[in-house]
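# Close look at the chain arrangement
Below, each chain spelled out in residue letters.
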Amino acid sequence: MTTSPDATRPAVLTDPVGTVVPSSVPTHWYNLAADLPEPCPPALHPGTREPLTPDDLAPLFPMALIAQEVSTERWVEIPQTVREMYALWRPSPLVRALRLERALGTPAKIYYKYEGVSPAGSHKPNTAVAQAYYNAVEGITRLTTETGAGQWGASLSMACALLGLDCEVWQVRASYDAKPYRRMQMETYGATCHASPSDLTEAGRAMLAADPTTTGSLGMAISEAVESAAKDPAAHYALGSVLNHVLLHQSVIGVEALAQLDEIGETADVVFGCAGGGSNLGGLSFPFLGRNLREGTTTRVVACEPAACPSMTRGEYRYDFGDVAGLTPLLKMHTLGKDFVPPAIHAGGLRYHGMAPMVSHAYELGLMEAIAVEQDAAFAAGVEFARAEGLIPAPESTHAVAGALAHARAATTDETIVIGLSGNGVLDLPAYQDYVAG
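These figures come from a predicted structure and were not determined experimentally.

The strand order across the open sheet built from four strands is β9-β8-β7-β10, with neighbouring strands paired in parallel fashion. The sheet terminates laterally at β9 (192–196) and β10 (235–237), the two strands that pair on one side only. When the angles between neighbouring strand axes are averaged without regard to direction, this sheet yields 20°. Two elements, strand β8 (residues 166–172) and β9, share five bridges in a ladder whose sense is parallel. Among the inter-strand pairings, Trp 170 is bridged to a residue of β9, identified as His 194. Strand contacts of helix α6 (residues 151–163): β7 (142–147) and β8, with the helix running at about 165° to β7, the strand carrying the most contacts.

Before going further, it helps to examine helix α2 (residues 63–70). Those residues of α2 not exposed but buried are Leu 65, Ile 66, Gln 68 and Glu 69. Seen end-on, α2 carries its buried residues on one side only, within an arc spanning 160°. Tucked into the core, α2 has its buried residues touching β3 (28–30), α1 (54–57), β4 (75–77), α5 (125–137) and α11 (244–250).

A few words on the packing of aromatic side chains. Using the criterion set out here, one finds eight aromatic pairs in the structure. Ring geometry for Tyr 133 against Tyr 134: centres 5.2 Å apart, planes inclined by 65°, an arrangement best described as edge-to-face. Neither Tyr 133 nor Tyr 134 differs from the other in exposure class; each is buried. Pairwise contacts between aromatic rings join Tyr 112, Tyr 114 and Phe 385 into one cluster.

This next bit is on the confidence of the model for the chain. For the chain, per-residue confidence averages 92 on the pLDDT scale, and residues scoring 70 or more make up 93% of the total. Low pLDDT, under 50, characterises residues 1–17; the predicted model gives this stretch 41 contacts beyond four residues in sequence or across chains.

Applying the stated criterion to the full structure yields 22 salt bridges. Here Arg 74 makes a salt bridge to Asp 35, at a shortest N to O gap of 2.5 Å. One end of the pair, Arg 74, is in the loop between α2 and β4; the other, Asp 35, is in the loop between β3 and α1, with 39 residues separating them in the sequence. Exposure remark for Arg 74: the relative accessible area of 27% places this residue in the partly exposed category. On the basis of relative accessibility, which here comes to 11%, the residue Asp 35 falls in the buried class. As a salt-bridge pair, Asp 35 and Arg 294 come within 2.9 Å of each other at their nearest N and O atoms. In this pair, Asp 35 sits in the loop between β3 and α1 while Arg 294 sits in helix α13 (residues 279–295), placing the two residues 259 residues apart along the sequence. Looking at Arg 294, the relative accessible area reads 28%, which means it is partly exposed. Each of Arg 90, Lys 113, Glu 115 and Glu 256 takes part in one network of salt bridges that share partners.

How each quantity is defined
Counting starts from 1 at the beginning of each chain's written sequence and moves along it residue by residue. Whole-chain, interface and lining totals are the exception, using all residues; otherwise, since this is a predicted model, local features are given only for residues with pLDDT of at least 70 and side-chain atom pairs are given and counted only at 80 or more. Excluding hydrogens and water, the side-chain values take into account all heavy atoms of the structure. Should DSSP find at least two bridges between two strands, the strands are regarded as paired. What counts as a helix is a DSSP run of H or I of at least four residues, what counts as a strand is a run of E of at least two, and both are numbered from the N terminus. Only the stretch in contact is used when fitting a helix axis, every axis being a line fitted to C-alpha atoms; angles between N-to-C directions are given from 0 to 180 degrees. Contact criterion: two residues are considered in contact whenever any of their non-hydrogen atoms come within 4.5 Å of each other. Three labels apply to residues, based on accessible area from a 1.4 Å probe with only protein chains included: buried if under 20% of the type maximum, exposed if over 50%, partly exposed otherwise in between. Read the arc as the range of directions from the helix axis to the C-beta atoms. When two rings of Phe, Tyr or Trp (its six-membered ring) have centres within 6.5 Å they constitute a pair, described as stacked for plane angles under 30 degrees, edge-to-face for angles over 60, and tilted for the intermediate range. As a per-residue measure, pLDDT tells how confident the predictor is, with possible values from 0 to 100. Here, a salt bridge means any Lys or Arg side-chain nitrogen found within 4 Å of an Asp or Glu carboxyl oxygen.

Here you go:
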């Protein structure tokens, strides 16, 4: 459905300490495909290498999500049931980081869009709820998925609990071992969680045979989740990042941020978002890029990825599989190669070998920039942010914080900086302890 952009810009209220909160949940998602100067290259069938058809995707996804995957409509209406569930945490606040500005001694104005207010603690429920809803409407009773740090697994587990679906999660072993509280969160919501690779799937058994001590990767976990769903007619697979429909759902972040900035008369000069698979970055930045393309604004977007898994800054732009076993469609994206196994960095949610095709396409078109952030620099920025603002960012979010702090320190004008704070780090404190303890 197409409608005016004004339909997604609700009135906002501002409190005395610099928090800006819209008065209502957005009614529509924004789709960057409508405004791109060149269309995004299509996904290809892994066997025929021809563009995918809806029938190719039907075994894994409901038809509503397949339609969203290829849609070029600028505004897609959010179902009322999804908006009602969004209202548990949306709209999320845009906060002026006044104490951080003072600590840095910068003339720049720093805002952060905080997605950690969701029940699961991150931005991931924005698409988890939508995906679970569309699957439930189609009569699916079980969803399978992969997860890294556990934010996506916890979010889909929550969404399935809200909609009465079973949920089975394969978690990258490095994170499964290092982040037990995420697994506990999933199990509290009623989901089943396995360390990946596991001996429960053909793909997992093959991976373990090749390397019994592997720490796993998101590509491995995807293979297991896809295999499990494909063998069960009552099940579908749900993906937490990368695909177009996921980035579409996440656009509520940027739609709200634009409305909030408009209400207080601000225009973002530069937006920093952490980048792993692309869901948080795309959700935050695509509405800003759309305005740039339609109205000639000049907001810069900077993707901040981990130096340990730098798909945008060091990967190749080519067709590649989204998983290790080669079960997924071929996607045109920036990739380090499907067999790349990143080191077990703390920001497990960013440990993916490829970048979302639409993010990759926007980067190729010069619509955004990218930097790679070392883990120590990311945690140093997270600690600095926490001690100034009182909020401990998720390890993934600290990459965006690091990029923004370096920019703010060099600023000579009162430019406006927006940081995508994708989640909170309360369940990641062992990682912070490792950093603080040296």
